[in-house]
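Read off the chains here:
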Amino acid sequence: MSLQTWLRRARRSLLATGTTAVLTATLIAGTETASHAATQGPCDLYASGGTPCVAAHSTTRALYGAYGGALYQVRRASDGATKDIGVLSAGGYANAAAQDAFCGTATCVITVIYDQSGKGNHLTQAPGGGAAPGPDNLAPATAAPVTVAGHKAYGVYVAAGTGYRNNNTRGIAVGDQPEGMYAVLDGSHFGGGCCFDYGNAETNNLDTGNGHMEAIYFGDSTIWGTGTGQGPWVMADLENGLFSGVNPGYNANNPSVSHRFLTAIVKGAPNLWAIKAGNAQSGALSTYYSGPRPNVPGYNPMHKEGAIILGIGGDNSKSSSGTFYEGVMTSGYPSDATENAVQANITAANYRTATITSSALTPGARVSLRASTPCCTGSYLRHNADSTVAISPITSASPAADKSDATWIVRAGLANSSCLSFESAAARGQYLRHFDHRLRTAASDNTALFNQDATFCLQAGHSGQGYSFQSANYPNRFLRHFEYTGYLAGDGVGGHTWDNVAYWAEDTSWLTAQPWS
Ligand code: AHR
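In this text the structure is predicted, and so the values were computed from the model without any measurement.

Draft legend 1. Seen up close, the overall build of the protein chain. A tally of regular secondary structure across the protein chain gives eight helices and 34 strands. By the burial criterion, 55% of the 517 residues in the protein chain qualify as buried. Long-range pairs, those at least 24 residues apart, make up 66% of the contacts in the protein chain between residues at least 6 apart in sequence. Of the roughly 19400 Å² of accessible surface on the protein chain, a fraction of 52% belongs to carbon and sulfur atoms. Where the 30 positive side-chain charges of the protein chain centre and where its 34 negative ones centre are 11 Å apart.

Draft legend 2. Examining the pattern of salt bridges more closely. Tallied over the full model, the rule gives 19 salt bridges. For R480, the salt bridge identified is with D507, shortest N-O distance 2.9 Å. Note that R480 is positioned in strand β32 (residues 477-482) and D507 in helix α8 (residues 504-507), a separation of 27 residues in sequence. There is no split in this pair, since R480 and D507 are both buried.

Draft legend 3. Expanded view of the site of the ligand. With respect to spatial proximity, 13 residues lie near the ligand, and among them D237, E239, N240, G241 and D315 are the closest. A distance of 2.8 Å separates an oxygen atom of the ligand from a polar atom in the side chain of E239. The contact in question runs from an oxygen atom of the ligand to an N or O atom on the backbone of G241, over 2.9 Å. For the ligand, whose accessible area on its own is 280 Å², the fraction buried by protein is 95%. Residue composition of the shell around the ligand, grouped by class: four nonpolar, five polar and four charged.

Draft legend 4. Summary view of the sheet that holds strand β11 (residues 197-201). One open sheet holds the ten strands; their spatial order is β3-β2-β4-β5-β9-β20-β11-β12-β14-β15, and the pairing between them is antiparallel. On the outer flanks of this sheet lie β3 (82-85) and β15 (242-243), each paired with one strand and no other. Of the pairings in the sheet, the one linking strand β4 (residues 108-113) to strand β5 (residues 123-125) comprises two bridges and is antiparallel in character. Its bridge partner lying in β5, I113 is registered against L123. Running at roughly 15 degrees to strand β2 (residues 72-76), helix α4 (residues 96-103) makes contact with β2, β3 and β4 of the sheet.

Draft legend 5. Structural context of the nonpolar core. V74, V156, Y164, Y182, Y198 and V234 are the most contacted members of the largest nonpolar core, which totals 76 residues. No other element matches the six residues that strand β10 (residues 179-190) contributes to this core. With 22 residues, the next largest nonpolar core counts A365, L381, V389 and L479 among its residues.

Draft legend 6. Just the environment of Y93, in detail. Note that Y93 resides in the loop between β3 and α4. Remark: the alpha-carbon pair of Y93 and Y380, spanning 287 residues in sequence, is separated by 39 Å. What Y93 contacts, discounting residues up to four positions off in sequence, is T60, R61, G86, V87, L88, V148, A149 and H151.

Draft legend 7. Looking closely at the side chain of E339. Its place among the elements puts E339 in helix α5 (residues 336-349). The buried category is assigned to E339, whose relative accessible area is 0%. A distance of 2.9 Å separates a polar atom in the side chain of E339 from a polar atom in the side chain of K267. E339 has contacts with Y46, I265, K267, K276, L285 and P334, leaving out every residue within four places of it along the chain.

Draft legend 8. Focus on the domain arrangement of the protein chain. Domain assignment breaks the protein chain into domain 1 (1-38), domain 2 (43-58 + 125-353) and domain 3 (359-513). Averaged C-alpha coordinates put domain 2 and domain 3 at centres separated by 34 Å. Listed per partner, the contact involves 13 residues of domain 2 and eleven residues of domain 3. Together, the buried faces of domain 2 and domain 3 total about 880 Å²; carbon and sulfur atoms form 50% of this surface. Three residues, P140, Y157 and A160, lead the burial of domain 2 against domain 3; their summed loss comes to 37% of the area buried on that side. At the junction of domain 2 with domain 3, the criterion picks out zero salt bridges. There are three residue pairs in polar contact (both at pLDDT 80 or more) connecting domain 2 and domain 3.

Criteria and cut-off values
Residues numbered from 1 in each chain as written. Predicted model: local features only at pLDDT ≥ 70, side-chain atom pairs only at ≥ 80, totals over all residues. Heavy atoms only, no water. Helix = DSSP H or I, 4+ residues; strand = E, 2+ residues; numbered from the N terminus. Buried < 20%, exposed > 50% of the residue type's maximum accessible area, 1.4 Å probe, protein only. Contact = heavy atoms within 4.5 Å. Areas by Shrake-Rupley, 256 points an atom, 1.4 Å probe, with all protein chains shown as cover. Lys, Arg positive; Asp, Glu negative; His and termini not counted. Charge placed at Lys NZ, Arg CZ, Asp CG, Glu CD. Salt bridge = Lys/Arg side-chain N within 4 Å of Asp/Glu carboxyl O. Near = heavy atom within 4 Å. Polar contact = N/O pair within 3.5 Å; in protein donor to acceptor, adjacent residues only side chain to side chain. Nonpolar A, V, L, I, M, F, W, Y, C, P; charged D, E, K, R; others polar. Pairing = 2+ DSSP bridges. Axes fitted to C-alpha atoms, helices over the stretch in contact; angles between N-to-C directions. Core = buried A, V, L, I, M, F, W, Y, C linked by side-chain atoms within 4.5 Å. Domains from an automatic or database assignment. Buried area = accessible area lost by both parts, 1.4 Å probe.

Printed below as a string of structure tokens:
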């Protein structure tokens, strides 16, 4: 029976009861809900909830069902040309192929993250501030590949030193006005410095006092606030404090989170605020705090200024790292029901990690790994006779022994066959491993620890060039050269000299080269 026939019969049979209008309205509403469900974005849901988006940023997808404009702009290093990257169709996913075609083999950086809300609240390169000079670095455009609903897209990879800002916004909450915000982040990429944030901050790049910010923070900083476990935690950066709950310092209801794709939420209204988070791939949000403002001078009422930051603190503190895929800020304090609908929309978007492959890095291949940092582009990762690991210049005129020491046989990862291990071509049976965060070569002792220490997972190069190699057992640490020596290093995380944030992205990005032997 057709829908029209069914409707006619139903209407006839209900005429006597006077319920025709109700039936018609219900059916139309049902039809509309079904058709909107396929095309609504998070900002349509916030608008329906009476708390519209006043900023909507994403490099992966449209955040409104009708948005068909540019998502972000990239700039090509080879000639300085720029290109806007849009969506494949209105309401759809980023046109990553357009970026790939434009950038080719050149390095590209993300220069603008457009605001989809129509308010013009675009994010661009952050200027210097009270905590650090600028301008901040721009994110390499290829360092955070993912798929969304099966479509390739790129996130915003923030190494320490990278930051975006808009100090001249429209519609963003100021003073004690209510607002909400969410961000979808890489839960495995974080740092312990100050501060990987997304949200409301000072308009002059300075720390202007308690309550002058209201932003999502993600990381494992223990400077101000902590939750349970070792971190990382979703906290609220309210200025001069990362709050994990109502108390400065520790709050037992804020857990460490480990979702690869993380939904993080902060919202605030007069003497009311909340922190929520969830797995951006499935399931519901959890509330880590909801209640009155901290009982510390300056935070009630709030003194929000209405700038927008990404990847940095309010005073341009830029010592932390993270990856951003999408996020919005709203006018008004969103209801839990609205945020639940947004979370359902995010999980339906189906974020997945992209599989990074390289023919030069398939098991069985021989490869040499060339440093990409400007200092050292003629140097290769090699081991020495004493099993220490370093980079050193290798040329066709180098002794055969040096060439051999700078050649590796790629193996399936000893601890995880989706990752890689590197066997020395010169000393067969000896593998590249970390020990005490220093790199060395050693023969396998067949322990689980050795296998983990000798396994590295392939990632897109952090600087936008080549590949980065993530430790299997210390996911925040990567193969790095520092002062010509090989280390396992974190981006400001770890406390060793070789965890230095300067040139971290470049030092951890390696170019594959023809094997020297
Ligand atoms: O609130 C934590 C940080 O403190 C802010 O992000 C920064 O502005 C200040 O250094």
